[in-house]
Amino acid sequence: MTKLVTIFGGSGFVGRYIARRLAKDGWRIRVACRTPEEAGFVRTYGVVGQVEPVFCNVRDDDSVRNVTRGADAVVNCVGVLAESGKNTFSAVQAEAPGRIARIASAEGVSRMVQISAIGADADASSGYARTKALGEAEVTKHMPGAVILRPSVVFGPEDEFFNRFAGMSRMGPVLPVVGADTRFQPVFVDDVAAAVVVALDDHTVHGVYELGGPDIATFRDLMKLMLGVVQRKRIILNIPFFAARGMAAGFGVAKALTLGLFTPPLTTDQVRNLAVDNVVADGARGFADLGLVPTPMSSVLPDYLWRFRPSGQYAAIKDSAKNLKQS
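Below or above, wherever it landed, is the structure these notes cover. Per chain, residue numbering runs from 1 following the sequence as it is written. Note on the predicted model: pLDDT of at least 70 is required for a residue's local features to be given, and 80 or more for side-chain atom pairs to be given and counted; whole-chain, interface and lining totals, by contrast, use all residues. For the side-chain quantities, the full set of heavy atoms in the structure was used; hydrogens and water were omitted.

**Focus: the pairing of strand E2 (residues 28-33)**
Move 1: Of the pairings in the sheet, the one linking strand E1 (residues 4-8) to E2 comprises 5 bridges and is parallel in character. Bridge pairing in E2 links Phe 8 to Ala 32.
Move 2: Whether a crossover is right-handed depends on one test, that the path from the first strand over the helix to the second runs clockwise when the strands point away from the viewer. By the criteria applied, helices consist of DSSP H or I runs no shorter than four residues and strands consist of E runs no shorter than two, each listed in order from the N terminus. Taking the sense of rotation as the criterion, the β-α-β connection linking E1, helix H1 (residues 13-24) and E2 turns out right-handed.
Move 3: DSSP calls a pair of strands paired once it identifies at least 2 bridges connecting them. Examined bridge by bridge, E2 and strand E3 (residues 51-55) share 5 bridges and lie parallel to one another. The residue of E3 that forms the bridge with Val 31 is Pro 53.

Right under this line is the structure:
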């Protein structure tokens with residue numbers, strides 16, 4: 001009988017790629033999310049009835065139990081980059097993973113994969129990094145054989161990193177960044193999904209794996225790469241951390257005054273994160289230990305950032321026309 005996996009957050013950016021990969025691997029899939037009526041697109045990842053979106057509130061025991069019952073494995077990729085209402089770092093990234101692991105263990109689920117993040121540290125000044133570590137601890141307490149994957153910044157067609165800054169590059173001659181010298185090791189979203197498949201299929205795999213792509217670059221160099229792909233010349237302006245903290249505090253006040261209607265473009269917690277390198281630690285297990293080779297940014301970014309070019313989809317045609325004129 002085909003095995004059943006529940007993917008918490010399976011309709012999100014990373015989750016949808018995991019669902020697609022596992023469907024191709026033959027799993028039956030429950031995509032547990034807050035708005036299943038908006039997640040119908042996941043059904044197309046498999047044959048009729050293979051992939052089903054279902055409602056789940058990861059802050060509620062009964063809701064988690066309903067979508068976990070009968071599953072052979074669970075994958076948790078729920079997380080938040082900024083707190084909003086009841087979706088605090090603690091509730092979503094510390095308590096929810098523990099709840100999922102505890103209930104999965106009680107229901108006899110044999111495998112669990114937790115998507116965490118490079119930089120997870122119980123002693124971090126950042127609430128995001130601190131609760132990621134607390135979530136890992138809760139998972140391993142209830143599911144000692146769980147696999148924890150820590151990706152660096154994840155890129156792909158639906159990402160909120162390159163897409164965001166490429167969009168900003170259309171607004172003026174200056175591209176502001178915080179932490180221009182901070183190093184990152186971006187990882188392709190489908191490579192993270194491939195790691196999840198290995199983690200579920202190979203029962204000898206357990207523990208923590210840090211996932212970084214083949215390229216390590218500073219924030220500034222990543223923006224230069226992005227600008228080259230979108231064919232725009234911009235001045236990359238590094239905002240000092242002291243100034244960024246002041247800006248973030250002001251945005252926080254604006255959010256409070258508007259009762260949450262204003263969405264801050266930068267938070268104090270994000271500033272804290274941007275001060276720390278986001279690369280695979282020396283000696284950490286990674287893609288090689290899972291038998292995988294990560295994808296370089298240069299082979300993926302042009303496939304989805306072309307829409308930010310001044311000429312959009314016609315950029316290549318215009319370049320060819322220029323070559324004809326010169327010849």
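Further notes follow.
**Quick look at a nonpolar patch on the surface**
Move 1: For patch detection, residues must exceed 30% relative accessible area and be free of salt bridges, and they are connected within 9 Å for like charges or within 5 Å for nonpolar side chains (Val, Leu, Ile, Met, Phe, Trp, Tyr). In short, Shrake-Rupley with a 1.4 Å probe defines the accessible areas, and a residue's cover is counted only from the protein chains shown. A carboxyl oxygen of Asp or Glu within 4 Å of a side-chain nitrogen of Lys or Arg is what we treat as a salt bridge. A cluster of nonpolar side chains, contributed by Val 174, Ile 235 and Leu 237, occupies part of the molecular surface with about 260 Å² of accessible area.
Move 2: Mapped onto the elements of the fold, Leu 237 is located in strand E13 (residues 235-239).
Move 3: For each residue, the accessible area found with a 1.4 Å probe, counting protein chains only, is set against the maximum for its type, and the residue is called buried under 20%, exposed over 50%, and partly exposed in between. Exposure remark for Leu 237: the relative accessible area of 44% places this residue in the partly exposed category.

**Details of the sheet that holds strand E11 (residues 207-211)**
Move 1: Pairing within the open sheet is parallel, and its 7 strands lie in the order E3-E2-E1-E4-E5-E6-E11. Strands with a single pairing partner mark the edges of an open sheet, and in this sheet they are E3 and E11. Between one strand and the next, the sheet's axes are offset by a mean angle of 20°, whatever the strand orientation.
Move 2: On top of the sheet, helix H2 (residues 61-68) reaches E1, E2, E3 and strand E4 (73-76); it is set at about 145° to E1, its chief contact. Only the stretch in contact is used when a helix axis is fitted, and all axes are lines through C-alpha atoms; the angle between N-to-C directions ranges over 0 to 180 degrees. In what follows, a contact means two residues having at least one pair of non-hydrogen atoms within 4.5 Å.

**Remarks on the nonpolar core**
Move 1: Working definition of a nonpolar core: buried Ala, Val, Leu, Ile, Met, Phe, Trp, Tyr and Cys residues. They are joined through side-chain atoms within 4.5 Å. Counting residues in hydrophobic clusters, the biggest one holds 73 residues, and the most contacted among them are Ile 18, Phe 162, Met 223, Met 226 and Leu 305.
Move 2: Take this core: its biggest share by element is 9 residues, from helix H6 (residues 189-201).
Move 3: The contact partners of Leu 305, leaving out residues within four places of it in the chain, are Phe 162, Asn 163, Ala 166, Met 226, Val 229 and Val 230.
Move 4: The next biggest cluster of nonpolar side chains, apart from the first, holds 23 residues, and it includes Phe 8, Ala 32, Met 112 and Met 143.

**A few points about helix H7 (residues 219-230)**
Move 1: Taking 1.5 Å of rise per residue, the 12 residues of H7 would be expected to cover 16 Å, and the 17 Å separating its terminal C-alpha atoms lies within 8% of that figure.
Move 2: Burial in H7 covers these residues: Phe 219, Leu 222, Met 223, Met 226, Leu 227, Val 229 and Val 230. Looking straight down H7, one finds that the buried residues subtend no more than 160° of arc, so they occupy a single side.
Move 3: Positioned one or two residues after H7, Gln 231 has a phi angle of 60°, which is positive. Take the residue count of a helix, subtract one, and multiply by 1.5 Å to get its expected span. Regarding the arc, it is the one traced by the directions from the helix axis to the C-beta atoms.

**A look at the layout of surface pockets**
Move 1: The computed volume of the second largest pocket comes to approximately 180 Å³.
Move 2: Taken together, Ala 82, Glu 83, Phe 89, Ala 248, Gly 252, Lys 255, Pro 264, Leu 266, Thr 267, Thr 268 and Asp 269 make up the lining of the second largest pocket.
Move 3: Where the lining of the second largest pocket is concerned, the elements lending two or more residues are helix H8 (241-257) and helix H9 (268-274).
Move 4: The dominant element in the lining of the second largest pocket, judged by the number of residues it contributes, is H8, at 3 residues.
Move 5: Polar here means any residue other than Ala, Val, Leu, Ile, Met, Phe, Trp, Tyr, Cys and Pro, which are nonpolar, and Asp, Glu, Lys and Arg, which are charged; Gly is therefore polar. Among the residues making up the lining of the second largest pocket, the classes are represented as 5 nonpolar, 3 polar and 3 charged. In the cavity and pocket records, a cavity denotes points on a 1 Å grid over the protein atoms alone where a 1.4 Å probe fits but cannot get out, a pocket denotes an open set with protein on both sides within 12 Å along at least 5 of 7 lines, and lining residues are residues with an atom within 4 Å of a point. Grid points are joined across faces, edges and corners, and a volume is the space filled by probe spheres set on the points.

**Looking at the packing of H1 against H6**
Move 1: The N-to-C vectors of H1 and H6 enclose an angle of 50°; their axes lie 8 Å apart at closest approach. Comparing their axes, H6 and H1 come out oblique. As for the relative orientation of H1 and H6, their crossing is right-handed in sense. Contacts between H1 and H6 involve Phe 13, Val 14, Tyr 17, Ile 18, Arg 21 and Leu 22 from the first element and Val 189, Asp 190, Val 192, Ala 193, Ala 194, Val 196, Val 197 and Leu 200 from the second.
Move 2: Its residues assigned to classes, the contact of H1 with H6 shows 12 nonpolar, no polar and 2 charged. To sort the angles, those under 35 degrees are grouped as roughly parallel, those over 145 as roughly antiparallel, those from 65 to 115 as roughly perpendicular, and the leftovers as oblique. A crossing counts as left-handed when the near helix is turned anticlockwise from the far one by less than a right angle, and as right-handed when that turn is clockwise.

**Notes on the pattern of salt bridges**
Close approach of charged atoms allows side chains with opposite charge to pair.
Move 1: Tallied over the entire structure, the rule returns 11 salt bridges.
Move 2: Of the charged contacts in the structure, one is a salt bridge between Glu 210 and Arg 150, with a shortest N-O distance of 3.2 Å. Residue Glu 210 is found in strand E11, and its partner Arg 150 is found in strand E6 (residues 147-151); the two are separated by 60 residues along the sequence. Side by side, Glu 210 and Arg 150 carry an identical accessibility label, which is buried.
Move 3: A salt bridge links Asp 269 to Arg 272; its shortest N-O distance comes to 3.7 Å. One end of the pair, Asp 269, and the other, Arg 272, are both in helix H9, 3 residues apart, so they sit about a helical turn from each other.

**Describing helix H4 (residues 127-142)**
Move 1: The first and last C-alpha atoms of H4 sit 23 Å apart over 16 residues, in line with the 22 Å expected at 1.5 Å per residue.
Move 2: Of all the positions in H4, only Gly 127, Tyr 128, Ala 129, Thr 131, Lys 132, Ala 133, Gly 135, Glu 136 and Val 139 are classed as buried.
Move 3: Buried residues along H4 sit in contact with helix H3 (89-106), strand E5 (111-115), E6 and H9.
Move 4: With a side-chain oxygen positioned 3.2 Å from the backbone nitrogen of Tyr 128, the residue opening H4 is Ser 126. Whenever a nitrogen or oxygen atom comes within 3.5 Å of another N or O atom, the pair is scored as a polar contact, on the condition that within protein one atom can donate a hydrogen and the other can accept it, and that pairs from neighbouring residues in sequence are kept only if both atoms are in side chains.

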